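Fold and geometry: a report
Residue-level listing of the chains:
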Amino acid sequence: MKLIVIGSGGREHAIIRKLKENPEVTQIYALPGNGGIAADATCVPIGATDIPAIVEFARGNAVDYAVVAPDDPLALGCVDALEAAGVPCFGPRKNAAIIESSKVFAKNLMKRYGIPTAAYEVFEDEHAALRYLETAPIPTVIKADGLALGKGVTVAMTREEAVQAVREAMEDRKFGASGERIVIEEYLEGPEVSVLSFTDGTTVVPMVSSMDHKRAGDGDTGPNTGGMGTVAPNPYYTEAVAAECMERIFLPTVRAMKAEGREFRGCLYFGLMLTKDGPKVIEYNCRFGDPETQVVLPLLESDLLTVMRAVTEGTLADCEVRFRDAHACCVVLASRGYPLHYEKGFPITISEEAGPHTYVAGAALREDGALVTSGGRVLGVTAVADTLSGAVAEAYRLAEGVTFASRYCRTDIGQRALRAGR
Ligand code: AMP
Ligand code: GLY
């Protein structure tokens, strides 16, 4: 079988490694992939949002199956276009990807179907939003409606911050058209849990839960990033919480999407806050999370391609999806200064031992064949062990086998989970 995987991050690297375990897979093309992914797949320089070129490539190379991993091509209808060309895909169609690409859609869906989430108001007019903020409870949360490269959310601890966030989104158009509408929502407190799930539109199979570490600095300080590390499972996500989420959030969401004529097939990601009033949805993503995937997929025991095809074909109910009873930790190695200003182009060395545990995100192959840094998050190192403390220690030990100038990582990935687990 010939596969294409659309995307270029650590998440895509983890997906590709897992897909390769299936002996039926003869060829994987990564569009566009990156310098590290090139060791596991054939990278083709076609951008993840260049849908006509993606379709032409799939047709011209007799591709049997496509995995569309990032949010942008999903929101633009990449799956619809590939399906129209006869290529079966893993990923939601455009009309279902809206669950991530419009926060207003997601909030209204939850309200209509009684799915627990933060109380909210939608604004299309800046003056109305600012008037509302005069008496709104503080802290509050401001969200641009559309995709904003993960930067469209402001948790405002003061009224001034909230006013500034509204002005930046609606007046300065910091997020372009994504800020034409905004959501102002209730501030929720509690531990956060990420749950990725497989769903074929009817059946929903949650994967092992995980915990992201979004802030750049130790102790959850500094600016928000794309994720500095993850652990799985998340110790706050007990069996009782999982059962409640299935009944009150996962199944109702999948049913709601179907009832709306927007059947969701693919990976539906639930960003949850475990509040004192029960679990509530903070966000939906229409795709695998990054770097959650780098801890979830290494724990998947079942064959990923088999599960993905069952999702596409609507036969997930008959498919076994098994996870190892173990723990995983991913430590992201970034360029110092990320997510603000950082330098690139430094050669990377990866020890033989660390290699198979490394998922590359921001690295390119130089003309002389050397792997050099090319992004803020350079790569993630994942370890699996019987205990969480074992996985954390092993991930940091393996990470020492990866060197490059300006290498930066948090030193406390997994510590919060370890404290909670006690
Ligand atoms: P997002 O960009 O949607 O992933 O949101 C970024 C982060 O903002 C989340 O991971 C939460 O930590 C925080 N956040 C989003 N919504 C809320 C909320 N209603 N209350 C408190 N924190 C929130
Ligand atoms: N790690 C959060 C995300 O993928 O959106």
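The structure this text deals with has already been given above.
Now for a quick tour of the structure. (Residues numbered from 1 in each chain as written. Chains lettered and ligands numbered in written order. Predicted model: local features only at pLDDT ≥ 70, side-chain atom pairs only at ≥ 80, totals over all residues. Heavy atoms only, no water.)

A word on the sheet that holds strand S4 (residues 65-68). The strand order across the open sheet built from five strands is S3-S2-S1-S4-S5, with neighbouring strands paired in parallel fashion. Each having just a single partner strand, strand S3 (42-43) and strand S5 (89-90) make up the two edges of the open sheet. The sheet contact formed by S4 and S5 spans two bridges and is parallel. Directly across from Val67, in S5, lies its bridge partner Phe90. Here helix H1 (residues 10-19) sits on the sheet and contacts strand S1 (2-7), strand S2 (27-32) and S4; the angle it forms with S1, its principal contact strand, is near 165°. Along the sheet face, helix H2 (residues 51-60) touches S1 and S2 and points at about 165° away from the line of S1. (Pairing = 2+ DSSP bridges. Helix = DSSP H or I, 4+ residues; strand = E, 2+ residues; numbered from the N terminus. Contact = heavy atoms within 4.5 Å. Axes fitted to C-alpha atoms, helices over the stretch in contact; angles between N-to-C directions.)

We now examine the pairing of strand S17 (residues 278-285). With seven of eight residues buried, S17 lies mostly within the body of the structure. Two strands pair when backbone bridges link them, and strand S16 (residues 266-275) and S17 are joined in this way by seven bridges, in the antiparallel orientation. Each bridged residue has a counterpart across the sheet, and for Met273 the counterpart in S17 is Lys280. If you look at the hairpin formed by S16 and S17, you'll find two residues sitting between the two strands. (Buried < 20%, exposed > 50% of the residue type's maximum accessible area, 1.4 Å probe, protein only.)

This part covers the site of ligand 1. Taken together, the neighbourhood of ligand 1 is formed by 15 residues, with Glu185, Glu186, Leu188, Glu192 and Lys214 sitting nearest. Isolated, ligand 1 exposes 490 Å² of accessible area, and the fraction of that covered by the protein chains is 89%. Elements that contribute at least two residues to the shell around ligand 1 include exactly strand S7 (140-144), strand S8 (153-156), strand S9 (182-186) and S17. (Near = heavy atom within 4 Å. Areas by Shrake-Rupley, 256 points an atom, 1.4 Å probe, with all protein chains shown as cover.)

Before going further, it helps to examine the pattern of salt bridges. A side chain of one charge can pair with a side chain of the opposite charge if their charged atoms are brought near each other. For the coordinates displayed, the defined rule picks out 28 salt bridges. Here Lys20 makes a salt bridge to Asp40, at a shortest N to O gap of 3.0 Å. Taken together, the positions of Lys20 in the loop between H1 and S2 and Asp40 in the loop between S2 and S3 put the pair 20 residues apart, joining distant regions of the chain. Taking relative accessible area as the criterion, Asp40 reaches 15% and is therefore assigned buried. Taking the shortest distance from any N to any O, the salt bridge between Arg410 and Asp218 comes out at 4.0 Å. Highlighted residues: Arg410 in the loop between strand S25 (407-408) and helix H13 (415-421) and Asp218 in the loop between strand S13 (215-217) and strand S14 (221-224), separated in sequence by 192 residues. By relative accessible area, Arg410 is classed as buried at 1%. Accessibility expressed as a relative area gives 33% for Asp218, which makes it partly exposed. (Salt bridge = Lys/Arg side-chain N within 4 Å of Asp/Glu carboxyl O.)

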